[in-house]
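Residues per chain, in single letters:
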Amino acid sequence: MTATTWKFTAKEIVEKPELFTSGHRACAGCGSAIALRQIMKATRGPTIVTNATGCMEVVSTIYPYTAWKVPWIHTAFENAAANASGIEAALKAMKKKGKLHESVDVIAFAGDGGTFDIGLQALSGAVERGHDFLYVLYDNEAYMNTGIQRSGGTPYGASTTTSPAGKVLLGKAQLKKPIADIMVAHEIPYAATASIAYWQDLVRKARKGLEVEGPAFLHVFSPCPRGWRYETNKTIEIARLATETCVFPLWEAKEGDYSLSPQSKIIAMKPERKKPVTDYLKTQGRFRHLFKGGAEHMLQDIQKIVDKRWSRLLRRIREGS
Ligand SMILES: Cc1ncc(C[n+]2csc(CCOP(=O)(O)OP(=O)(O)O)c2C)c(N)n1
Ligand code: SF4
Ligand SMILES: [Mg+2]
């Protein structure tokens, strides 16, 4: 399959058939479902999807129904990447035996619990072995399917059912794991962050991830109204704020070389456009306790963490590493 001639215009994207269809049971305003729908618009031919247990698997395949218009394989919580490697190896073997004559893409979808935590070993192994597949982390920042438990992807200060804000704790006491940087450190051909608020950028990156030879990793920011506690019509606005505050900057790394995507490049060039993190935190009930008085130090900490990670990203880009 050749590289796309797409310009990723709204028209091109809208006209592509829906491969993740309506009628699934995700909550209204679910950012993860939006992510899947958009990413499936980036496919370039026959595609097999494997999906770890989590919200997106549960809501899209309630027997006897399915929201998927492509071959789809459910896998356990911990091994989406191992499953994808098996599929890719099988396709290769079939080609070698002359039983398959066309190229088939493989996409693995998994949540933050299935990626930052329990699936990290399978993911690390699969990319180290160099399997040709696109791994999509849809990050709703907690184990949503089982009742909003904290994960390695939950941000510092967020209240979840296992990091509840109260007299003892002010939400999660640990930082969000820099998972996309960990994947870049594997020196894979392509790794990127993306957001449902910037859908053209997201679809373009998903397509790039499919086109590169070898493993590609896409970290997609996917707000969850249920777990983050906000009104369902605010999903895109909140996703946009995450990028505008540099809580979730957008970048890509080819063979380990980082570059900023347009939405974050604007902020790098015009730092006055960088919004304070409180603009983002205030929009969600999971951070409400930070605004009740007595948690000012936490708000300062969060701003410092975001600033430090943003500066580190800019330094990496400047130094070309
Ligand atoms: C080994 C194992 N432990 C626990 C579970 C229960 N379980 C299923 S989905 C899930 C949470 C998934 O979280 P995440 O990957 O973030 O996806 P989300 O539900 O948020 O979309 C858990 C704990 C399981 N299926 N297998
Ligand atoms: S709980 Fe969150 S991630 Fe799960 S379906 Fe609802 S909105 Fe989507
Ligand atoms: Mg999750």
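Computed from a prediction, not measured in an experiment: that's the story for all the values here.

Quick notes on the rules
- Residues numbered from 1 in each chain as written.
- Chains lettered and ligands numbered in written order.
- Predicted model: local features only at pLDDT ≥ 70, side-chain atom pairs only at ≥ 80, totals over all residues.
- Helix = DSSP H or I, 4+ residues; strand = E, 2+ residues; numbered from the N terminus.
- Rg over C-alpha atoms; globule rule 2.2 N^0.38 Å.
- Buried ≥ 20, exposed ≤ 12 C-beta atoms within 10 Å, placed from the backbone.
- Contact = placed C-beta atoms within 7 Å.
- Expected span 1.5 Å × (residues − 1).
- Near = placed C-beta within 6 Å.
- Nonpolar A, V, L, I, M, F, W, Y, C, P; charged D, E, K, R; others polar.

1. Section: the overall build of the protein chain
Across its full length, the protein chain carries 13 helices and eight strands. For 321 residues, the compact-globule estimate of 2.2 N^0.38 gives 20 Å, and the C-alpha radius of gyration of the protein chain, at 19 Å, lies within 12% of that figure. Referenced to the eigenvectors of the C-alpha coordinate spread, the extents of the protein chain come out at roughly 70 × 50 × 40 Å. Taken over 321 residues, the protein chain has a buried fraction of 49%. Partitioning the intrachain contacts of the protein chain with sequence separation of at least 6 by distance along the chain shows that 70% fall at a separation of at least 24.

2. Focus: helix α13 (residues 296-319)
Helix length check: α13 (24 residues) gives 35 Å between terminal C-alpha atoms against 34 Å at 1.5 Å per residue, within 8%. Of all the positions in α13, only I302, V306 and L313 are classed as buried. Each element contacted by the buried residues of α13 is listed here: β7 (251-254), β8 (257-260) and α12 (277-281). Positive backbone phi, at 65 degrees, marks G320, one or two positions downstream of α13.

3. Some details on the site of ligand 2
Around ligand 2, the neighbouring residues are A26, C27, C30, S32, C55, V59, N140, M144, C224, P225, R226 and G227. Secondary structure elements with two or more residues in the shell around ligand 2: α3 (55-60) and α9 (225-228). For the shell around ligand 2, a count of residues per class yields eight nonpolar, three polar and one charged.

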